[in-house]
Amino acid sequence: MLEAKAKHMKFFVDTAEIAEIRELAALGLVDGVTTNPSLIRKSGRDFLEVLREICEVTPGPVSAEVVALEAEQMIAEGRKLAEVAPNIAIKVPLTWDGLRACRVLTEEGRMVNVTLCFSANQALLAAKAGATFVSPFIGRLDDINLDGMELIRDIRTIFDNYDFGTEILAASIRTPNHITQSALAGADIATAPTKVLQALAAHPLTDRGLEAFLKDWQATGQRIV
Ligand code: G3P
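Here the structure is a predicted model, which means the values were calculated and not measured. (Residues numbered from 1 in each chain as written. Predicted model: local features only at pLDDT ≥ 70, side-chain atom pairs only at ≥ 80, totals over all residues. Heavy atoms only, no water.)

K.L.:
I keep staring at helix α1 (residues 18–26) and nothing clicks. Help me out?
P.N.:
Within an α-helix, residues lying three or four positions from one another point in the same direction, as the helix has 3.6 residues per turn. Buried within α1 we find Ile18, Ile21 and Leu24. For α1, the angular spread of buried residues about the axis comes to 135 degrees, placing them on one side. Seen from the open side of α1, the exposed residues pointing more than 90 degrees away from its buried face are Ala19, Arg22 and Ala26. The inward-facing, buried residues of α1 contact β1 (10–14), β2 (32–34), α3 (47–57) and α10 (194–199). A positive phi of about 75 degrees marks Gly28, the residue just after α1. (Buried < 20%, exposed > 50% of the residue type's maximum accessible area, 1.4 Å probe, protein only. Helix = DSSP H or I, 4+ residues; strand = E, 2+ residues; numbered from the N terminus. Arc of directions from axis to C-beta. Contact = heavy atoms within 4.5 Å.)

Have a look at this one:
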């Protein structure tokens, strides 16, 4: 008999705002968090301090990005970031040096997220370098009239062809439809801003239906508690 493989799509939150992470975590919606230098800038907080707080409230991996361009320096920064908490995933860019740093850091047993991935070949290299996660940027491909979702589908096929264990972390998600399409394409994880995750719950027919139910309920004159 074939054994059923438990497979869950994970949601990461693409933010460095603690209040947002806490609120989503209360709904069980936070499997991890992704940050980047732009999100740290937006938060206005000290990088290591905010990372520490995020790691405390997040049950899964928290991506923290290096800013060096050269492998040795990336490795040094990655090791320092990993000291913050055991759930840090070191984020390195998909460059030749980033791949070298990825190899060294994963061989040390650390989680590495290879980011700024825009092609299937780049994703293949990240998997070969032992990346824990690879982050294809959907929205930024759509921005230049390419098909971000096609990239997710291609990477899924390639990784499945060879049983690569690297997880596909669909990033640069801008709309609820990006989440639906990522799930259909078999992305392991979607990372999205809080407002996109909240928008998943919204439907005008839900609002309209609720309004009608409450009106009818009031007409019964009853109370539940
Ligand atoms: O997860 C990557 C993300 O922060 C980039 O998103 O919307 O700036 O392309 P965006």
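Now that the structure has been shown, we can carry on.
K.L.:
Can you help me understand the environment of Asp147 in this one?
P.N.:
For Asp147, the location among the structural elements is in the loop between α7 (138–143) and α8 (148–162). The partly exposed category is assigned to Asp147, whose relative accessible area is 37%. Spatially, the C-alpha atom of Asp147 lies 33 Å from that of Arg22, the residues being 125 residues apart in sequence. Here Met149 takes part through its backbone nitrogen, which lies 3.1 Å from a polar atom of the side chain of Asp147. (Polar contact = N/O pair within 3.5 Å; in protein donor to acceptor, adjacent residues only side chain to side chain.)

K.L.:
Would you mind showing me how to read the state of the cysteines here?
P.N.:
Evaluation of the coordinates by the stated rule reveals zero disulfides. Cys102 carries a free sulfur, and the closest cysteine sulfur to it, the one in Cys117, is 12 Å from it. Given the relative accessible area of 0%, Cys102 is considered buried. On the basis of relative accessibility, which here comes to 0%, the residue Cys117 falls in the buried class. (Disulfide = S-S within 2.5 Å.)

K.L.:
When you look at the site of the ligand in this model, what are you seeing that I'm missing?
P.N.:
Taken together, the neighbourhood of the ligand is formed by Asp14, Asn36, Phe137, Arg140, Ala171, Ser172, Arg174 and Thr191. Contacts to the ligand include Asn36, whose side-chain N or O atom sits 3.0 Å from an oxygen atom. Between the ligand and Ser172 there is a distance of 2.7 Å, counted from an oxygen atom to a side-chain nitrogen or oxygen. Taken by itself the ligand offers 310 Å² of open surface, and the protein chains cover 81% of this. Partitioning the shell around the ligand into residue classes produces two nonpolar, three polar and three charged. (Near = heavy atom within 4 Å. Areas by Shrake-Rupley, 256 points an atom, 1.4 Å probe, with all protein chains shown as cover. Nonpolar A, V, L, I, M, F, W, Y, C, P; charged D, E, K, R; others polar.)

K.L.:
What's the story with the pattern of salt bridges in this structure? I'm lost.
P.N.:
Between side chains of opposite charge, a pair can form as their charged atoms come close. Using the criterion set out here, one finds twelve salt bridges in the structure. Between Glu108 and Arg110 there is a salt bridge, and its shortest N-O distance comes to 2.7 Å. Judged by its relative accessible area of 27%, Arg110 is partly exposed. Overlapping salt bridges, with partners in common, bring together Arg45, Glu49 and Glu53 in one network. (Salt bridge = Lys/Arg side-chain N within 4 Å of Asp/Glu carboxyl O.)

K.L.:
Could you clarify how one ought to interpret helix α6 (residues 120–128) in this entry?
P.N.:
Listed as buried for α6 are Ala120, Ala123, Ala126 and Ala127. Along the long axis of α6, the arc covered by the buried residues comes to 115 degrees, so they all point the same way. Those residues of α6 that are exposed and angled more than 90 degrees off the buried face are Asn121 and Lys128. Buried residues along α6 sit in contact with α5 (96–107), β5 (111–117), β6 (133–136) and α8. In the segment just after α6, Gly130 is the residue with positive phi, at about 85 degrees.

K.L.:
It is not clear to me how the sheet that holds strand β4 (residues 88–93) should be interpreted in this structure. Could you clarify?
P.N.:
Sheets are built from strands that pair by backbone hydrogen bonding, the pairs being arranged parallel or antiparallel. Taken in spatial order, the eight strands line up as β1-β2-β3-β4-β5-β6-β7-β8 and close into a barrel, and their pairing is parallel. Neighbouring strand axes in the sheet, compared pairwise and without regard to direction, differ in orientation by 30 degrees on average. One ladder, built from two bridges, connects β6 with strand β7 (residues 167–170); its direction is parallel. The residue bridging Phe133 from the neighbouring strand is Glu167, located in β7. Seen against the sheet, α5 touches β4 and β5 and runs at an angle of roughly 155 degrees to β4. (Pairing = 2+ DSSP bridges. Axes fitted to C-alpha atoms, helices over the stretch in contact; angles between N-to-C directions.)

K.L.:
What am I meant to see in the side chain of Asp188 here?
P.N.:
Examined against the element boundaries, Asp188 turns out to sit in the loop between α9 (176–185) and β8 (189–192). Judged by relative accessible area, which is 15%, Asp188 ranks as buried. Within polar-contact distance, the side chain of Asp188 engages the side chain of Arg156 at 3.1 Å. Here the side chain of Asp188 touches Ile168 through a polar contact of 2.7 Å, landing on its backbone nitrogen. The contacts of Asp188, once residues within four sequence positions are left out, are His8, Met9, Lys10, Arg156, Thr166, Glu167 and Ile168.

Any link to function would need more than the numbers given here.
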